[in-house]
Amino acid sequence: MRVIAGQNRGRKLKSVQGMKTRPTADRVKEAVFSSVDGLLFGSRFLDVFSGTGSIALEAVSRGAAEAVLLEKDHDALQVIAYNVAACKQEARCRILRGDSFALLSALGRQGRQFDLIYVDPPYAGGLYEKVLNQLAVSHLLAPGGMILLECAKNTSLSVENSIYFIYKEKCYGDTRIVYVKHKFGEEAAE
């Protein structure tokens, strides 16, 4: 596992031992970041269920102004801290420990908004709709921003009765990336 492009290009990243996390494949990372390249430079990036931190580190390496990483697993948090330090990105990465839903709620109460939000929960957890709901309630998606959901190819997702809509979907082997935007345009986040 490594950073693919940008300031930290080629930097090898540590992974979490065992089966606790499922790092995003390099080819998926490359495709995702190429598809949001126009939104990335200077952006505020939120990585929900951060795992190893590789997605957020890719974002800051490619020009995101800041990344907030949410994780509750102790071992994963140690790996994230190691990877952030190895990339010398401590000034642009903020690691928050705890339950993702509680942290999302707290970020909302602080009035935080993000241009890009990456959501990659455990595939079998059925958490996608719950996360989208919490993002909506907390008003975390900035005007013109986008949510990127990483899921298994056959995962059923519903954004009905939501302020969001599925903008596009792409499959890379067994992985699917779902691009989500505000249903009512930029004014929905204001």
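Above this note sits the structure.
Residues numbered from 1 in each chain as written. Predicted model: local features only at pLDDT ≥ 70, side-chain atom pairs only at ≥ 80, totals over all residues. Heavy atoms only, no water.

(A) Quick look at the overall build of the protein chain. Along the backbone of the protein chain there are 6 helices and 7 strands. Whereas a compact globule of 190 residues would reach a radius of gyration of roughly 16 Å, the protein chain reaches 15 Å, a difference of no more than 12%. Across its three principal axes, the protein chain shows a C-alpha extent of roughly 40 × 35 × 30 Å. Counting over 190 residues, the protein chain shows a buried share of 53%. Contacts spanning at least 24 positions in sequence make up 65% of the contacts within the protein chain whose residues lie at least 6 apart. As presented, the protein chain carries roughly 8,900 Å² of accessible surface, and 50% of it is formed by carbon and sulfur atoms. (Helix = DSSP H or I, 4+ residues; strand = E, 2+ residues; numbered from the N terminus. Rg over C-alpha atoms; globule rule 2.2 N^0.38 Å. Buried < 20%, exposed > 50% of the residue type's maximum accessible area, 1.4 Å probe, protein only. Contact = heavy atoms within 4.5 Å. Areas by Shrake-Rupley, 256 points an atom, 1.4 Å probe, with all protein chains shown as cover.)

(B) A look at the sheet that holds strand β6 (residues 164-172). The 7 strands lie next to each other as β3-β2-β1-β4-β5-β7-β6, forming an open sheet whose pairing is mixed. Sheet topology places β3 (93-97) and β6 at the edges, where each strand pairs with a single neighbour. Shown here is a sheet whose adjacent strand axes are inclined to one another by a mean of 15 degrees, direction ignored. Direction of pairing for strand β1 (residues 44-48) relative to strand β4 (residues 114-119): parallel, over a ladder of 4 bridges. Across the sheet, residue D47 finds its bridge partner in β4, namely Y118. The sheet strands contacting helix α5 (residues 100-109) are β1, β2 (66-71), β3 and β4, and the helix crosses β2 at an angle near 145 degrees. Packing of helix α6 (residues 128-137) onto the sheet brings it into contact with β1, β4, β5 (141-152), β6 and β7 (175-182), and relative to β5 it is tilted by some 170 degrees. (Pairing = 2+ DSSP bridges. Axes fitted to C-alpha atoms, helices over the stretch in contact; angles between N-to-C directions.)

(C) Unusual backbone geometry, seen in detail. Residue F49 is not a glycine yet carries a positive backbone phi of 60 degrees. Relative to the assigned elements, F49 resides in the loop between β1 and α3 (54-61). Judged by relative accessible area, F49 falls into the buried class, the value being 18%. If you check the backbone angles, K88 has positive phi at about 55 degrees while not being a glycine. Looking at the element boundaries, K88 is found in the loop between α4 (74-86) and β3.

(D) Up close: the nonpolar core. If you look at the biggest cluster of nonpolar residues, it comprises 29 residues, and the most contacted ones within it are L46, L70, I117, V119, L135, I147 and L149. Going through the elements one at a time, β1, β2, α5, β4, α6, β5 and β7 are the ones with two or more residues in this core. Here this core gets 5 residues from one element, more than from any other, and that element is α6. Those residues within four positions of L149 in sequence are excluded, and the remaining contacts are V119, Y128, L132, L157, R176, I177, V178 and V180. The next biggest cluster of nonpolar side chains, apart from the first, holds 27 residues, and it includes L13, I55, A67 and V84. (Core = buried A, V, L, I, M, F, W, Y, C linked by side-chain atoms within 4.5 Å.)

(E) Summary view of α4. Under the 1.5 Å per step criterion, the end-to-end length of α4 is 18 Å for 13 residues, consistent within 8% with the ideal 18 Å. Considered for burial, the residues of α4 that qualify are A76, L77, V79, I80, N83, V84 and A86. K88 occupies a position one or two residues after α4 and carries a positive phi of about 55 degrees. (Expected span 1.5 Å × (residues − 1).)

(F) Expanded view of the pairing of β2. For β2, the tally of buried residues reaches 5 of 6 residues, placing the bulk of the element in the interior. Judged from the 4 bridges that link them, β1 and β2 form a sheet pairing that is parallel. Opposite L46, over in β2, you have V68 as the bridge partner. Note that the unit made of β1, α3 and β2 has a crossover that is right-handed. (Right-handed = clockwise from strand over helix to strand, strands pointing away.)

(G) Region of the structure containing the pattern of salt bridges. Scanning the model with the defined rule gives 7 salt bridges in all. R44 is paired through a salt bridge with D115; the nearest N and O atoms lie 2.9 Å apart. Taken together, the residues span a long stretch of sequence, with R44 in strand β1 and D115 in strand β4 at a distance of 71 residues. Given the relative accessible area of 18%, D115 is considered buried. For E58, the salt bridge is made with R62, and the minimal N-O distance between the two is 2.7 Å. (Salt bridge = Lys/Arg side-chain N within 4 Å of Asp/Glu carboxyl O.)

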